[in-house]
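Chain by chain, the residues run as shown.
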Protein chains: 2
Amino acid sequence: MKARVHVMLKTGVLDPQGKAIQHALGNLGFDGIENVRQGKVIDLELAETDKAAAEKNVIEMCEKLLANTVIESYTVEIL
Amino acid sequence: MKARVHVMLKTGVLDPQGKAIQHALGNLGFDGIENVRQGKVIDLELAETDKAAAEKNVIEMCEKLLANTVIESYTVEIL
């Protein structure tokens, strides 16, 4: 079973990588870019075959390792 | 208009960050993790209101800046 996790900085937390991308795109001539946020995507291949159990497991992985929940939020999709 | 870009290392390109996550999860007691790949997600807010034009624009951004197309593949979603 495959899972996809998105980890993004929470709204209000400064995202210097996103700002750097926004400025670089502006310098390359791309106009009308109002905001850019950059985060991480983590694709997991799990041996687990039960969807609910897999989701519970991945949420635990996020809480323990994948996200810093003080400044980051995460979403889990089971594919 | 919002766009989401995923940038992942191409299949076959070694992904040390993914491997590091896989090992760390194993050390934390999570079993049955067969593979982990880590990539980037970039959320863009665009002034453009035409969906097709926005998609074309974002693909150009990927080719020019957001992805290293030698080793990375990208997908664009217009939300």
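This text follows the structure it describes.
Residues numbered from 1 in each chain as written. Chains lettered and ligands numbered in written order. Predicted model: local features only at pLDDT ≥ 70, side-chain atom pairs only at ≥ 80, totals over all residues. Heavy atoms only, no water.

## What to know about the interface of chain B and chain A
Listed by partner, the interface residues are 30 residues for chain B and 30 residues for chain A. Taken over both partners, the interface formed by chain B and chain A buries close to 2700 Å², and the fraction arising from carbon and sulfur atoms is 65%. Its largest share of buried area at the contact with chain A, chain B owes to F30, V41 and E45 of chain B, together 20% of the area lost on that side. Put simply, chain B and chain A have zero salt bridges between them. In this structure, the connection of chain B to chain A is made through eleven residue pairs in polar contact (both at pLDDT 80 or more). (Contact = heavy atoms within 4.5 Å. Buried area = accessible area lost by both parts, 1.4 Å probe. Salt bridge = Lys/Arg side-chain N within 4 Å of Asp/Glu carboxyl O. Polar contact = N/O pair within 3.5 Å; in protein donor to acceptor, adjacent residues only side chain to side chain.)

## Regarding the packing of helix α1 (residues 16-27) of chain A against helix α2 (residues 51-66) of chain B
Closest axis-to-axis distance for the α1 of chain A/α2 of chain B pair is 11 Å, and the angle between their directions is 105 degrees. Looking at the two axes, α1 of chain A sits roughly perpendicular to α2 of chain B. Across the interface between the two elements, I21, A24 and L25 of chain A from α1 of chain A touch M61, L65 and L66 of chain B from α2 of chain B. Across the contact of α1 of chain A with α2 of chain B, the residue classes break down as six nonpolar, no polar and no charged. (Axes fitted to C-alpha atoms, helices over the stretch in contact; angles between N-to-C directions. Helix = DSSP H or I, 4+ residues; strand = E, 2+ residues; numbered from the N terminus. Parallel < 35°, antiparallel > 145°, perpendicular 65-115°, else oblique. Nonpolar A, V, L, I, M, F, W, Y, C, P; charged D, E, K, R; others polar.)

## Brief notes about the relation of the copies chain B and chain A
Superposing chain B onto chain A takes a rotation of 180 degrees combined with a translation of 0.0 Å along the rotation axis, leaving an RMSD of 0.0 Å. Both copies are brought into coincidence by an operation consistent with a two-fold rotation axis. For chain B, the minimum C-alpha distance to the rotation axis belongs to K40 of chain B and amounts to 2.3 Å. In this assembly, 100% of the residues forming the interface of chain B have copies in chain A that are likewise at the interface, indicating an isologous arrangement. (Least-squares fit on C-alpha atoms with pLDDT ≥ 70 in both.)

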